[in-house]
Amino acid sequence: MRKILAITWKDLYTTFTDRNLILIMIVTPLALSTIVGSAFSGFIGGGGNDVPIRDIPLAVVNLDQPVEVNGQSFNYGQTFVDLLIPSNPDDSTSLLQLTDASLFSKADAAQSSVNSGEKSVAIVIPADFTRSLTYSQDNPDIHVSPIEVYSNPSAPVSAGIVRSIVENITNIFLTGNATVEATIEALIARAQADPAFGVQFGLASASGSFQPDFALAFQPDSAPITIEQQTVRGTAQTFNPLVFFGSSQALFFMTFTAIQGANSMLEERRDWTLQRLIASPTPRITILLGKLFGTWVTCIFQVVLLFIFLTLIGSLIAGEPQLIWGSNLLAVLAVIVATSLAMCGIGAVVAALARTPEQVNVVGGIVAIALGLFGGAFFYVQAIPQIAPLSRLTPNYWGTEAFATLAAGQTDIGLNLIVLAGIGAVLFLVGLAIFNRRLSV
Amino acid sequence: MQSQVMVEVRDLAKTFKGKNGDDIQAVKGVQLDIRRGEIYSLLGPNGAGKTTTISMISGLLAPTRGDARIGGHSITREPLQAKQLLGVVPQEIALYPTLSARQNLDFFGKMYGLTGTELSRRVDEIVDFIDLRERQNDRIETFSGGMKRRVNIGVGLLHKPQLIYMDEPTVGIDPQNRRRVLDTVQRLQQEMGMTVLYTSHLMEEVQEISDRIAIIDHGEIIAEGTLGELIQQIGEEDRLTFKVGTQSVPDALLAQFKQEVEGVTSAVYERHDVTNGESETLAQVDGIVTIMAKRGRKALPDLLRIADDAELDVLSVEVREPDLEGVFLHLTGRALRD
């Protein structure tokens with residue numbers, strides 16, 4: 001074990017004291033993530049990397065029940081639906097351009113459509129939505145019954161936009177009704193204090209000549225309200241584009257580190273340091289494990305450092321300290337460890353099958369780019385249905401998705417960890433076996 | 001009681017698969033004994049099986065057949081014990097260039113099981129032994145070729161091995177550093193009692209430092225012994241070298257030298273083409289006739305007369321007393337650098 005750690009430490013030291021490697025491993029992905037992530041942060045104020053901001057596939061479920069007050073029927077849920085799915089497609093006040101909304105009768109069906117990728121986001125208007133907003137003797141304290149926004153973590157921009165729409169519309173309803181409530185309460189209070197005014201107000205109300213115009217009250221207002229945004233798994237989500245760009249770039253560059261780490265085995269053989277190690281009283285398997293373990297630890301350090309720097313950058317952008325990867329740091333570390341293992345496995349197999357370091361550079365570059373391409377390092381793969389299923393074959397996808405899930409405050413990353421650890425363990429052992437056989441000739 | 005034999009090699013053989021699937025026998029049942037405390041040199045032209053043999057002894061290659069024992073430990077059955085007694089100084093600078101000399105020594109020391117204060121003490125001793133105390137914390141990549149060679153040797157000595165294998169340790173260094181390395185090798189034997197297994201392309205080096213020499217060719221040891229014993233094996237022949245420039249020498253004339261001049265045992269013609277570096281055009285042709293003869297000075301007039309009769313213009317003549325190069329040439333028919 002001591003020798004394994006000595007080899008690991010030597011590899012870590014030589015890697016992290018090499019300025020060129022630091023530039024490639026840390027500075028480049030950090031710069032790319034920061035530039036792109038910051039650009040998207042400013043662009044949509046909390047959006048993400050699923051850029052389509054037209055025709056967002058949206059599922060709408062309206063469970064709202066109308067409410068009758070003084071002979072007038074109110075149904076804000078229906079108003080909501082009419083804004084998103086107008087009967088007249090030319091209606092300029094509609095959000096037709098922005099969303100491609102469909103009405104669903106059940107929340108389960110809407111969630112399934114998001115799960116399957118048919119829709120990016122689903123909103124569920126609760127049954128007491130109108131009741132909660134409407135001022136009446138039965139409901140003197142108006143409030144907002146939360147509208148649930150379901151989204152896939154991989155469609156953060158769409159979720160952000162829909163969340164904004166929901167916020168704005170609900171804001172209008174709430175502000176308007178709050179104004180009505182305040183006005184009526186003020187009139188009643190004055191009528192109670194001034195009997196003459198009370199009589200006059202009563203007569204006007206009874207004759208129907210009291211027709212207050214509350215339309216202005218229903219103009220958009222900035223009054224903040226809280227709407228719980230949820231993913232399909234049902235937990236609150238706060239999206240930060242740095243998480244998506246940062247994790248996808250970190251994993252993309254980690255692939256190179258993993259492949260180069262394994263390639264160092266061939267480089268050491270070329271430079272004769274490997275033979276020197278083999279000629280020492282050190283079992284071959286110890287040397288191999290030390291080398292591969294060193295690569296694994298290097299990858300972990302690389303991503304941990306990147307994540308720390310990205311957290312600092314995210315905090316600087318936000319103007320306050322932020323745990324952009326979520327509060328479950330142990331789970332984040334577990335994903336880093338599992339993803340690094342998977343990448344090291346890939347690196348080990350590539351290097352074990354190659355004959356020369358130069359071959360590894362060429363083949364490894366192709367493998368890393370292919371994994372990055374299908375894993376979402378360059379564009380939003382889920383937006384292209386033809387290749388979206390392929391992304392599930394890459395550790396990049398499982399890693400990025402797990403980081404997004406944790407950043408969203410969820411913990412449901414068991415499948416991701418199993419897949420990543422499985423890929424890593426199998427390929428790691430295959431690489432180890434091939435290397436061991438090659439060194440035993 | 002400790003055996004006087006440090007290395008016993010018995011029927012050691014290695015067969016590789018060729019590109020077309022054929023078996024290539026690189027080493028064909030080598031047998032040799034290296035005594036404790038001696039400097040033993042292994043000579044052989046390229047492709048003779050020298051590297052393969054030593055790779056098997058060092059545990060880098062698994063033998064197809066046979067075995068070697070280092071200090072009584074079999075390299076196939078007790079490889080770790082055998083390797084613990086062996087220090088390796090490869091021809092290549094097998095060091096990590098971005099680590100300092102001390103960090104390299106420290107790392108390889110750990111690979112030989114040294115730890116803590118013992119490791120630190122040994123590294124200090126080695127740094128002094130290779131005379132690099134001032135530069136011990138500098139990166140290897142900043143060192144001159146000679147300094148790198150010294151660290152390369154130092155790594156092999158860290159764990160005080162009983163046997164040290166040095167593969168052409170003087171390649172690519174200036175005469176001053178070469179002298180230093182050769183002195184070091186002799187100090188290892190004389191002051192530390194180490195057994196040295198040495199290979200070199202430079203006959204003078206081998207001749208100077210070796211107690212015994214083995215010559216390997218075509219995967220077999222074809223001669224072994226002290227320099228004197230080897231010279232005796234070839235009958236203490238002198239080596240006569242005729243430079244003939246661009247002239248070609250027919251086989252018939254070479255045969256005539258052997259048949260008509262008393263004491264001549266072999267005559268070989270070699271043509272060395274010298275080309276311009278950039279254009280690769282032929283700049284010069286150096287033809288050399290090498291003749292092995294007992295009492296060469298006596299044979300010289302007859303040889304020159306036959307050459308003159310054959311209208312061969314001999315441009316220069318050199319007569320050398322029996323030496324290792326002559327032995328090697330005689331036994332292998334090739335110069336060591338061929």
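Asks: Quick one: what's the story with the overall build of chain B, residue by residue and with numbers?
Replies: When you go through chain B residue by residue, the secondary structure sums to eleven helices and 14 strands. The buried share of chain B, reckoned over its 338 residues, is 51%. Across chain B, every contact between residues at least 6 apart in sequence was considered, and the portion connecting residues at least 24 apart equals 69%. For chain B, the computed accessible surface area is about 15,400 Å², with 45% contributed by carbon and sulfur atoms.

Asks: Before we move on, could you go through the overall build of chain A and cite the residues and values that matter?
Replies: In terms of regular secondary structure, chain A is built from 15 helices and seven strands. The buried share of chain A, reckoned over its 441 residues, is 52%. Relative to all contacts within chain A whose residues are 6 or more apart in sequence, the contacts with residues 24 or more apart total 77%. Surface accessibility of chain A: about 20,000 Å² in total, with carbon and sulfur atoms responsible for 62%.

Asks: Explain the interface of chain A and chain B residue by residue, including any values.
Replies: Counting from both sides, the interface comprises 25 residues of chain A and, opposite them, 31 residues of chain B. Taken over both partners, the interface formed by chain A and chain B buries close to 2,400 Å², and the fraction arising from carbon and sulfur atoms is 66%. Broken down residue by residue, the surface that chain A buries against chain B is led by A:W272, A:R276 and A:P281, which jointly contribute 32%. The interface formed by chain A and chain B contains zero salt bridges. The interface formed by chain A and chain B holds 13 residue pairs in polar contact (both at pLDDT 80 or more) in total. Contributions of two or more residues to the side of chain A that touches chain B are made by α1 (2-16), α8 (241-271) and α9 (273-279) of chain A. Sort the elements by how many residues they give to the side of chain A that touches chain B and α1(A) lands first, with seven residues.

Asks: Tell me what's going on with the packing of aromatic side chains, and back it up with residues and numbers.
Replies: Evaluated as defined, the whole model comprises 15 aromatic pairs over all chains. Between A:F253 and A:F256 the ring centres are 6.5 Å apart and the planes differ by 45°, which places this aromatic pair in the tilted class. Taken together, the positions of A:F253 and A:F256, both in helix α8 and three residues apart, correspond to about one turn of that helix. Here A:F256 falls in the partly exposed class, since its relative accessible area comes to 27%. Here the aromatic residues A:F252, A:F253 and A:F256 are joined through ring pairs into a cluster of three or more. The positively charged end of A:R276 is found above the aromatic ring belonging to B:F108, 5.6 Å away from the centroid.

Asks: Lay out a nonpolar patch on the surface with the relevant residues and their values.
Replies: Residue and element names in this part refer to chain A. Judged by side-chain polarity, I369, L373, F378, F379 and I384 come together as a nonpolar surface patch covering roughly 380 Å² of accessible area. Relative to the elements of secondary structure, F379 occurs in the loop between α12 (357-375) and α13 (388-391). In this structure F379 comes out as partly exposed when scored by relative accessible area, which is 30%.

Asks: Talk me through the nonpolar core; I want residue IDs and the actual numbers.
Replies: With 133 residues, the main nonpolar core has A:F307, B:I70, B:V151 and B:M166 as its most contacted residues. In terms of residues, this core owes the most to one element, helix α11 (residues 329-353) of chain A, which gives 14 residues. When residues no more than four places from it in sequence are discounted, the contact partners of B:I70 are B:M6, B:I57, B:I75, B:A82, B:L85, B:L86 and B:L163. Listed in part, the 26 residues of the second largest apolar core include A:L58, A:V60, A:I125 and A:I165.

Asks: Can you explain the sheet that holds strand β10 (residues 220-225) of chain B? Please cite residues and give values.
Replies: Residue and element names in this part refer to chain B. Spatially, the six strands line up as an open sheet ordered β6-β7-β8-β3-β9-β10, and their pairing is mixed. The sheet is open, and its two edges are formed by β6 (86-89) and β10, each paired on a single side. Taking the axes of each pair of neighbouring strands and ignoring which way they run, one obtains an average angle of 20° across the sheet. Relative to strand β8 (residues 195-199), strand β7 (residues 163-167) is paired through five bridges, and the arrangement is parallel. Counted as the bridge partner of L163 is T195 from β8.

Asks: Run through the sheet that holds strand β5 (residues 73-74) of chain B, naming residues and quoting values.
Replies: All names here are of chain B. In spatial order, the strands read β2-β1-β4-β5; together these four strands make up an open sheet with antiparallel pairing. Whereas interior strands pair on both sides, the edge strands pair on one side only; in this sheet they are β2 (23-35) and β5. As paired elements, strand β4 (residues 65-70) and β5 share two bridges and run antiparallel to each other. By the bridge assignment for β5, R69 is matched with S74. Sheet strands in contact with helix α1 (residues 50-57) are β1 (5-17), β2 and β4, and its direction is about 120° off that of β1.

Asks: Break down the packing of α12(A) against helix α14 (residues 395-407) of chain A for me, with residues and values.
Replies: Residues and elements named next belong to chain A. Where α12 contacts α14, the axes come no closer than 8 Å and their chain directions differ by 45°. By the criterion of interaxial angle, the relationship of α12 to α14 is oblique. Seen along the crossing, α12 lies across α14 with a hand that is right-handed. Along the contact surface, α12 presents L371, G372 and G375, while α14 presents P395, N396, Y397 and T400.

Asks: Can you break down the pattern of salt bridges residue by residue, with the values?
Replies: Two side chains bearing opposite charge may form a pair once their charged atoms approach each other closely. Taken as a whole and judged by the stated rule, the model has 27 salt bridges over all chains. B:E8 is the partner of B:R10 in a salt bridge, and the nearest nitrogen-oxygen pair spans 4.0 Å. The salt bridge partner of B:R212 is B:E224, with a shortest N-O separation of 3.8 Å. Here B:E224 lies in strand β10 and B:R212 lies in strand β9 (residues 212-217), a separation of twelve residues in the sequence. Residue classification places B:R212 among the buried residues on the basis of a relative accessible area of 8%. Residues joined by salt bridges that share partners form a network here, namely A:K10, A:D11, A:E268 and A:K291.

Asks: Residue-level account of the environment of B:L42, with values.
Replies: Residue and element names in this part refer to chain B. Within the secondary structure layout, L42 lies in strand β3 (residues 39-43). Judged by its relative accessible area of 2%, L42 is buried. Along the backbone, L42 and Y198 are 156 residues apart, and their C-alpha atoms lie at a distance of 6.2 Å. Beyond its immediate sequence surroundings of up to four residues, L42 is in contact with K50, I54, Y198, T199, A214, I216 and I221.

Asks: Which residues make up the side chain of B:K83, and what are the values?
Replies: Here B:K83 is to be found in helix α2 (residues 79-84). Once residues lying within four places of it in the same chain are set aside, the contact partners of B:K83 are A:I278, A:A279, A:S280, A:P281, B:S58, B:G59, B:Y112 and B:H159.

Asks: Any details on helix α6 (residues 175-192) of chain B? Residues and values, ideally.
Replies: Residue and element names in this part refer to chain B. For α6, built from 18 residues, the straight-helix expectation of 26 Å at 1.5 Å per residue is met to within 8% by its first-to-last C-alpha distance of 25 Å. Of all the residues in α6, the buried ones are N177, V181, L182, T184, V185, Q186, L188 and Q189. In this structure, the buried side of α6 is in contact with β3, α4 (116-129), α5 (145-157), β7, β8 and α7 (203-209). One or two positions beyond α6, positive phi appears at G193, with a value near 70°.

Asks: Which residues make up the state of the cysteines, and what values go with them?
Replies: All names here are of chain A. Per the counting criterion, the structure on display carries zero disulfides over all chains. The thiol sulfur of C299 is not disulfide-bonded, and the nearest other cysteine sulfur, from C344, lies at 4.0 Å. Judged by its relative accessible area of 0%, C299 falls in the buried class.

Here is what the cut-offs are and how they apply
Sequence order as written defines the numbering, with residues in each chain counted from 1. Labels are handed out in written order, letters beginning with A for the chains and numbers beginning with 1 for the ligands. Predicted model: local features are reported for residues with pLDDT of at least 70 only, side-chain atom pairs are reported and counted for 80 or more only, and whole-chain, interface and lining totals are derived from all residues. By convention in this description, side-chain values take in all heavy atoms of the structure and omit both hydrogens and water. Runs of H or I in DSSP of at least four residues are treated as helices and runs of E of at least two as strands, each being numbered from the N terminus. A simple rule labels every residue: compare its accessible area, found with a 1.4 Å probe on the protein chains alone, to the largest value its type can have, and call it buried under 20%, exposed over 50%, or partly exposed in between. By definition, residues are in contact when any of their heavy atoms lie within 4.5 Å. Accessible surface is estimated by sampling points in the Shrake-Rupley manner with a 1.4 Å probe; for residues, cover comes only from the protein chains shown. The term buried area denotes the loss of accessible surface (1.4 Å probe radius) that occurs when two parts are joined, taken as the sum for both partners. Salt bridges are defined as contacts in which a side-chain nitrogen from Lys or Arg sits within 4 Å of a carboxyl oxygen from Asp or Glu. In the analysis that follows, any N or O atom pair within 3.5 Å is treated as a polar contact, provided that within protein one partner can donate a hydrogen and the other can accept it, and provided that, for residues neighboring in sequence, both atoms belong to side chains. Centres within 6.5 Å make a pair out of two Phe, Tyr or Trp rings, where for Trp the six-membered ring is used; the pair is then stacked when the planes are under 30 degrees apart, edge-to-face when over 60, and tilted otherwise. Counting as a charge over the ring demands two things of the Lys NZ or Arg CZ atom: a distance within 6 Å of the ring centre and an angle within 35 degrees of the ring normal. Each patch is built from salt-bridge-free residues with over 30% relative accessible area, joining like charges within 9 Å and nonpolar side chains (Val, Leu, Ile, Met, Phe, Trp, Tyr) within 5 Å. The criterion is simple. A nonpolar core is a set of buried Ala, Val, Leu, Ile, Met, Phe, Trp, Tyr and Cys residues joined through side-chain atoms within 4.5 Å. Strand pairing requires that DSSP identify at least two bridges connecting the strands. All axes here are fitted lines through C-alpha atoms, helices being fitted over the stretch that makes contact, and every angle between N-to-C directions spans 0 to 180 degrees. To sort the angles, those under 35 degrees are grouped as roughly parallel, those over 145 as roughly antiparallel, those from 65 to 115 as roughly perpendicular, and the leftovers as oblique. Crossings are sorted by hand: turned counterclockwise from the far helix by less than a right angle, the near helix makes the crossing left-handed, and turned clockwise it makes it right-handed. How far a helix is expected to stretch is found by multiplying one less than its residue total by 1.5 Å. Two cysteine sulfurs form a disulfide in these notes if their separation is within 2.5 Å.

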